[in-house]
Amino acid sequence: MTEITFNQSPADAAVKVLIATKEEALNYGVAGGIVSRALFNQLKALAEREDEGRPAPKEILILDNGKDTVALLRVPNTANDVDVQVIAGKLYHLIKGHKSAAVFVRRLPRSDFDAARLACAFGFGIELASYSFDKYLTTKKPHEYPKLETVNFVAKDKLDKKVYERSAALANAVRYARDLTNEPSNELTPEIYAKDIKRLEHLDLKVTLMDKAELKKKGFNMLLSVAQGSCNDPYVAVLEYCGNKKKKGYDVALVGKGVTFDSGGISLKPAAGMWDMKQDMAGSAVVVASLKAAAQQKLNLNVVGVVGLVENMPSGSATRPGDIVTSLSGKTVEILNTDAEGRLVLGDCLTYVEKEYKPERIVDLATLTGAIVVALGNEMAGLFSNDDFLSELLSISGEQSGEELWRFPLTDAYRKLIKSDMADVKNISDGRAAGSITAACFLEEFLPGKTPWAHLDIAGMDMFGKPRPLYPKGASGFGVRLINRFLRNLEQK
């Protein structure tokens, strides 16, 4: 993990990175000892050559004279936080072969970025870009690791430590969600996962774990039906964060699908690509990481998180297609496809959190359907909701965080597709059409109190086959930044 420090001397840094838009900023870099006059002149000449005849100058210019390396970043006046984060991510991948970096941060003209905000956005981008999951590698040689270990921010303006600490807490939470999602299923069974969540109590979170016996007693029969084919017992973890002691009740409940491995059960998945089903708990990782970030940032909100932790396996005791179970809500469910298991886990968790905690609003996250990938690819997550205001707030938060959402309809035309002849509802519709919508309609059935609710289908965004500026190959942690922005927007209401 790259160490981020502020107001440190750059004298020993192998890489000097200047963020500037004017010659005066570069001159300050010379006067401050960040870059030599000779190297500055070379960089200036390079910048002038690049600017000639270019309507859109390069964001990053790098000059290496064999001894020192200098990078000039052009941060546009129109840039927002996400734009700066992406530029920082790109830069990291260009200079990670060096031992350290000194970053000069200066107020940008004609923009609302001050040095502190720019440094936080830049540092956040580096934190996300520098992530790797190499826990189980035993043969990787030292020279194959990135050499960039320290980023020293040197700013003309005073940096706000509190602002950066919030940013650092969020970066840490994203990395935590990635770690959880990347873990192989044999190292993250429901029990191991539950115990890992329990350790978060040191952050002033109250964590309650419900085991198989208690879940059976309470009536989590849909969730238990998913787990009954596995030798690994299920758990439900409840995380409570009360940052507003003066308020009774919860501003928001977060609910996450935590299927630590999804074979499909009796409705077995194809073998090709099944190894990726260890990441079918990504929604729960977002919820857990978001509660961790809220606690570390000391948000002035009350938030409860509920994650259903199960393993979906085929065996002689597994749920059979055609079985009927009675949900925690009392509704009966005909299970036609055991690979449509996430909605069964979420349904009971939604009922539980609505009845027991009575939050003002509920948001669930899940890698729920392959159909959402067909609709949106790997660019956005799907949004389904029974409340326009909640949808708008989540959509705005997605734009602000760089983790965007696209809203889909929920109407009676789709609801009728999950009506069953044998039970109250069935867990899939008859055909393949509108699979993501009918899945969301199924979830809606288990909110008898009609609490404002939104479902985020993050399948397609939970992992990437190729790295992006802010996302590594593998688990992305998508949703943590979005939910954190959403909570902060609620905090400011």
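Presented here is an overview of the structure given in this document. (Residues numbered from 1 in each chain as written. Predicted model: local features only at pLDDT ≥ 70, side-chain atom pairs only at ≥ 80, totals over all residues. Heavy atoms only, no water.)

Moving on to the pairing of strand β11 (residues 323-326). Every second residue of β11 is oriented toward a common face, the buried set being Asp 323 and Val 325 and the non-buried set Ile 324 and Thr 326. Across four bridges, the pairing between β11 and strand β12 (residues 332-335) is antiparallel. Bridging across to β12, Asp 323 finds its partner in Ile 335. Once β11 ends, the chain turns through five residues before running back antiparallel as β12, passing Gly 330 with a positive phi of about 100°. (Buried < 20%, exposed > 50% of the residue type's maximum accessible area, 1.4 Å probe, protein only. Helix = DSSP H or I, 4+ residues; strand = E, 2+ residues; numbered from the N terminus. Pairing = 2+ DSSP bridges.)

Let us now look at unusual backbone geometry. Only a minority of non-glycine residues have a phi that is not negative, and only a minority of peptide bonds are not trans. Look at Lys 298: it is not a glycine, yet its phi comes out positive at around 55°. Position of Lys 298 among the secondary structure elements: in the loop between α9 (282-297) and β10 (302-312). In this structure, Lys 450 is a non-glycine residue whose phi angle is positive, near 55°. For Lys 450, the position within the fold is in the loop between α14 (435-444) and β17 (453-457). In this structure Lys 450 comes out as exposed when scored by relative accessible area, which is 60%.

Moving on to the packing of aromatic side chains. Counted by the stated rule, this structure contains seven aromatic pairs. Ring centres of Phe 442 and Phe 446 lie 4.9 Å apart, and the angle between their planes is 55°; on these two criteria the pair is classed as tilted. The buried category is assigned to Phe 446, whose relative accessible area is 0%. Measuring from ring centre to ring centre gives 5.2 Å for Phe 464 and Tyr 471, while their planes differ by 65°; the resulting arrangement is edge-to-face. An identical accessibility class is assigned to Phe 464 and Tyr 471; each is buried. One aromatic cluster is present, built from ring pairs that chain together Phe 220, Tyr 250, Tyr 352 and Tyr 357. Between the NZ or CZ atom of Arg 178 and the centre of the ring of Tyr 131, over which it lies, the distance is 5.3 Å. The ring of Tyr 176 has Lys 292 lying over it, and the distance from NZ or CZ to the ring centre is 4.4 Å. (Phe/Tyr/Trp six-rings, centres within 6.5 Å; stacked < 30°, edge-to-face > 60°. Lys NZ or Arg CZ within 6 Å of the ring centre and 35° of its normal.)

Residues three or four positions apart in an α-helix share a direction because the helix packs 3.6 residues into each turn. In a regular helix each residue adds 1.5 Å, so twelve residues correspond to 16 Å; helix α15 (residues 480-491) covers 16 Å between its end C-alpha atoms and thus fits that length. Counted residue by residue, α15 has nine buried out of twelve residues, so it is predominantly covered. Listed in full, the buried residues belonging to α15 are Val 480, Arg 481, Leu 482, Ile 483, Asn 484, Phe 486, Leu 487, Asn 489 and Leu 490. (Expected span 1.5 Å × (residues − 1).)

To continue, consider the environment of Thr 332. As for its placement among the helices and strands, Thr 332 is situated in strand β12. Taking relative accessible area as the criterion, Thr 332 reaches 22% and is therefore assigned partly exposed. A C-alpha to C-alpha distance of 5.4 Å links Thr 332 and Ala 423, two positions 91 residues apart in sequence. Discounting residues that sit within four places of it in the chain, Thr 332 has contacts with Ile 324, Val 325, Thr 326, Ala 423, Asp 424 and Val 425. (Contact = heavy atoms within 4.5 Å.)

On to the packing of α9 against α15, then. Following both chains from N to C, one finds α9 and α15 inclined at 45°, their axes separated by 9 Å at the closest point. It follows that α9 is oblique to α15 by the angle criterion. At the point where α9 passes α15, the crossing takes the right-handed sense. Here Val 286, Ala 289, Ser 290, Ala 293, Ala 294 and Gln 297 of α9 lie close against α15, whose contacting residues are Val 480, Ile 483, Asn 484, Leu 487 and Arg 488. (Axes fitted to C-alpha atoms, helices over the stretch in contact; angles between N-to-C directions. Parallel < 35°, antiparallel > 145°, perpendicular 65-115°, else oblique. Left-handed = near helix turned anticlockwise from the far one by under 90°.)

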